[in-house]
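Commentary on secondary and tertiary structure
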Amino acid sequence: MGEEHHHAPPPVQAPPAGPPPPNLALSRGPVWNPAEQLLQLHYCIHSNPSWPEALLLGFQHYIVMLGTTVLIATTLVPAMGGNHGDKARVIQSLLFMSGVNTLLQTLFGSRLPTVMGGSFAFLLPVLSIINDYTDRTFPSEHERFVYTIRTIQGSLIVSSFVNIFLGFSKTWGNLARLFSPISIVPVVCVVGLGLFSRGFPLLANCVQIGLPMLILLVITQQYLKRLHHAAHHVLERFALLLCIAVIWAFAAILTVAGAYNTAKTQTQVSCRTDRSYLMSSAPWIKVPYPFQWGTPIFRASHVFGMMGAALVSSAESTGAFFAAARLSGATPPPAHVLSRSIGFQGIGMLIEGIFGSVVGTTVSVENVGLLGLTHIGSRRVVQISCGFMIFFSIFGKFGAFFASIPLPIFAAIYCVLFGIVAAVGISFIQFANTNSIRNIYVLGITLFLAISVQQYFVNNTAPDGHGPVKTDGGWFNDILNTIFSSSPTVAIIVGTLIDNTLEGKSKAVDRGLPWWVPFQNRKGDVRNDEFYRLPLRINEYMPTRFL
């Protein structure tokens, strides 16, 4: 047999080297750099529109804050034993104090374009006071109302010193120095998200007018404005007023046509335009004055619950201040400005107790959202709105006309404005490392607990104000039930604690502190003085420890 020869196969040549395959994990889209100030604003904090436009915008701020004022009075006054005339006077007092406190904040406090309105944080301690007097015998229900409001006055006066001390001792500012972009994100988010019960649940009390208002506002303000340049300018800024007028007229037509004649009582109260009884009961002219209800009554058992509400209002205002600063084109408020603002909020609460308001004030979240909706963050516009608040609080019939707007219309507005504030909170995350698992953990647990804890306390709070904390000390119960019924307060407690104790120093860069810290110091950024200095060159004549 012949030999078989096996030849090795020819070597396979490697293909010529080419460019490596594209990494599909890399973004091919635009990369947006962090922006310290929003660039889409038409007017920032210290730029002003024309006077006619500013007047109309100021009136719009007044209309937006009116819903919460009416809702507070509608909730509390009947439980206190008051009649429709008492409710009208309470609304007048709330409006008057909102105007005064807004002027205090915009002139000497935070200097941000924030409207100060009635706070729901005071609801639980006020309900606790109401409950204590329910079983007592009074000559009349009106006497019970007056006695209750005098007790509320005394509690407000004493608890105001909590905020005055926290502010002017700089304690609150020192606490604010522990914040970072990671901890401030959930605080600002839940300032909006924590108010969800005043959105669609309130709208659903009258879907016939609430849902059309929500749909019309979104379509008019966001879509129709793109049809023409002139329409863009008008609808972006004043679509809210236009939609209120249209839906309010629609509600009046349904009322006159008898659409709700056979409806349930609650539906008629929410839908009809003639069930507030404010026009018939409000006085033509009534100037709120100190101790208009009588001498304040001081009871220690009620003061402590109101002190808890004062702390909660400070936490809510702090989150709203950061949102307002971003939506008005200002830098984050420095620590000394936060201290100053909380101090003046305490002074405002003291004045409220003297003038007989039923609750203290905090930053109106819906008006902060209005800054983003209209793209106008002018301080002057908000100061003009103070004139409308004070004017309509004195001339009661005129104020009662606008206060008769059905609450589901306001609820539809809140669905948009609260959402804007919540989204602004998310925007602070751009200054920290969003790919850090540590940051994701802090954000997630803080945001979830802030909403979940508040929901537990709200669900387990009885109509008389008694919450899930039930010990032998009623004052202790009131403090804890009030504090943990507030999402922003829970977010500040949880977020600040975890963010500073979980690798706080070693992860300073990931937390965004190199960007954040300069804004918290008085001289850390040259823009701080531009946005937050006091008017009339007061800074030059006052010692810095008082600023």
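The following paragraphs examine the structure supplied in this document. What you see is a predicted model; the values in this text were computed from it and never measured.

Some words on the overall build of the protein
Within the protein, the secondary structure is distributed over 22 helices and two strands. Projected onto its principal axes, the C-alpha positions of the protein cover 130 × 60 × 55 Å. Looking at the protein as a whole, 56% of its 547 residues are labelled buried. Residue pairs in contact within the protein that sit at least 24 positions apart in sequence constitute 85% of those at least 6 positions apart. Of the roughly 23800 Å² of accessible surface on the protein, a fraction of 66% belongs to carbon and sulfur atoms. A gap of 9 Å separates the mean positions of the 34 positive and 24 negative side-chain charges of the protein.

Focus on the environment of Ile 91
Following the sequence through the fold, Ile 91 ends up in helix α2 (residues 84-107). Overall, the relative accessible area of 5% leaves Ile 91 in the buried class. Residues Ile 91 and Ser 276, 185 residues apart in the sequence, show an inter-C-alpha distance of 12 Å. Leaving out residues up to four positions away in the same chain, Ile 91 has contacts with Thr 69, Val 70, Ala 73 and Leu 278.

Re a nonpolar patch on the surface
A grouping of Phe 200, Val 207, Leu 211, Ile 215, Val 218, Ile 219, Tyr 223, Leu 224 and Leu 227 is seen on the molecular surface, where their side chains present a nonpolar patch of about 810 Å² in accessible area. For the nonpolar patch, the element with the most residues is helix α8 (residues 207-223), which contributes six residues. Turning to its location among the elements, Tyr 223 is positioned in helix α8.

Let's talk about helix α6 (residues 181-193)
With 13 residues, α6 extends 18 Å between its outermost C-alpha atoms, agreeing within 8% with the 18 Å of an ideal straight helix rising 1.5 Å per residue. Counted residue by residue, α6 has 12 buried out of 13 residues, so it is predominantly covered. Regarding α6, the residues found buried are Pro 181, Ile 182, Ser 183, Ile 184, Val 185, Pro 186, Val 187, Val 188, Cys 189, Val 190, Val 191 and Gly 192. On its buried side, α6 packs onto α12 (300-327), α14 (365-374), α17 (407-427), α18 (437-459), α20 (487-501) and α21 (513-520).

As for unusual backbone geometry
Comment: phi is negative for the bulk of residues other than glycine, and the bulk of peptide bonds are trans. Positive phi, close to 70°, is recorded for Lys 170, a residue that is not glycine. By the element assignment, Lys 170 lies in the loop between α4 (141-168) and α5 (171-176). Using a relative accessible area of 29% as the deciding quantity, one classes Lys 170 as partly exposed. Despite not being glycine, His 375 has its phi angle at roughly 65°, a positive value. Assessed through its relative accessible area of 22%, His 375 is described here as partly exposed.

Quick word on the nonpolar core
Counting residues in each nonpolar core, the largest one holds 140 residues, and the members touching the most others are Tyr 62, Leu 76, Val 90 and Val 358. Apart from the residues within four sequence positions on either side, Tyr 62 is in contact with Leu 95, Ser 385, Phe 388, Met 389, Phe 392, Gly 399 and Phe 402.

Some points on the environment of Ala 324
Residue position: Ala 324 is located in helix α12. What makes Ala 324 buried here is its relative accessible area of 0%. As a C-alpha pair, Ala 324 and Val 365 span 41 residues in sequence and 9.0 Å in three-dimensional space. In this view, Ala 324 contacts Thr 114, Val 368 and Leu 371; residues no more than four positions away in its chain are not counted.

Considerations on α12
In this model, α12 (28 residues) spans 41 Å end to end at C-alpha, consistent with the 40 Å of a helix rising 1.5 Å per residue. Positive backbone phi, at 80°, marks Gly 329, one or two positions downstream of α12.

What to know about the state of the cysteines
Scanning all chains against the criterion turns up one disulfide. Left without a disulfide partner, Cys 44 is nearest to the cysteine sulfur of Cys 386, which lies 19 Å away. Judged by its relative accessible area of 23%, Cys 44 is partly exposed. Here Cys 243 stays free of any disulfide, with the sulfur of Cys 415 as its closest cysteine sulfur at 14 Å.

Let's talk about the packing of aromatic side chains
In total, this model carries 30 aromatic pairs according to the counting rule given. Both rings, one in Phe 457 and one in Phe 484, keep their centres 5.7 Å apart while their planes meet at 25°; by these two values the pair is stacked. With Phe 457 in helix α18 and Phe 484 in the loop between α19 (474-483) and α20, this pair connects stretches of sequence that are 27 residues apart. Centre to centre, the rings of Phe 531 and Tyr 532 are 6.4 Å apart; their planes meet at 75°, and the pair counts as edge-to-face. For Phe 531, a relative accessible area of 3% puts it in the buried group. Geometry around Trp 284 places Lys 397 over its ring, the cationic atom sitting 5.8 Å from the centre.

Comments concerning the packing of α2 against helix α15 (residues 379-394)
A pair of packed helices is characterised by two quantities: the angle between their axes and the separation of those axes. Between α2 and α15, the least distance of the axes is 8 Å, while the angle of their chain directions is 155°. In this view, α2 runs roughly antiparallel relative to α15, as classed from their interaxial angle. Judged by the twist between their axes, the crossing of α2 over α15 is left-handed. Contact with α2, carried on its side by Gln 92, Leu 95, Phe 96, Ser 98, Gly 99, Thr 102, Leu 103, Thr 106 and Leu 107, involves Arg 379, Val 382, Gln 383, Cys 386, Met 389, Ile 390, Ser 393 and Ile 394 of α15 and no other residues of that element.

Basis of the calculations
- Residues numbered from 1 in each chain as written.
- Predicted model: local features only at pLDDT ≥ 70, side-chain atom pairs only at ≥ 80, totals over all residues.
- Heavy atoms only, no water.
- Helix = DSSP H or I, 4+ residues; strand = E, 2+ residues; numbered from the N terminus.
- Buried < 20%, exposed > 50% of the residue type's maximum accessible area, 1.4 Å probe, protein only.
- Contact = heavy atoms within 4.5 Å.
- Areas by Shrake-Rupley, 256 points an atom, 1.4 Å probe, with all protein chains shown as cover.
- Lys, Arg positive; Asp, Glu negative; His and termini not counted.
- Charge placed at Lys NZ, Arg CZ, Asp CG, Glu CD.
- Patch = residues over 30% accessible without salt bridge, like charges linked within 9 Å, V, L, I, M, F, W, Y side chains within 5 Å.
- Salt bridge = Lys/Arg side-chain N within 4 Å of Asp/Glu carboxyl O.
- Expected span 1.5 Å × (residues − 1).
- Core = buried A, V, L, I, M, F, W, Y, C linked by side-chain atoms within 4.5 Å.
- Disulfide = S-S within 2.5 Å.
- Phe/Tyr/Trp six-rings, centres within 6.5 Å; stacked < 30°, edge-to-face > 60°.
- Lys NZ or Arg CZ within 6 Å of the ring centre and 35° of its normal.
- Axes fitted to C-alpha atoms, helices over the stretch in contact; angles between N-to-C directions.
- Parallel < 35°, antiparallel > 145°, perpendicular 65-115°, else oblique.
- Left-handed = near helix turned anticlockwise from the far one by under 90°.

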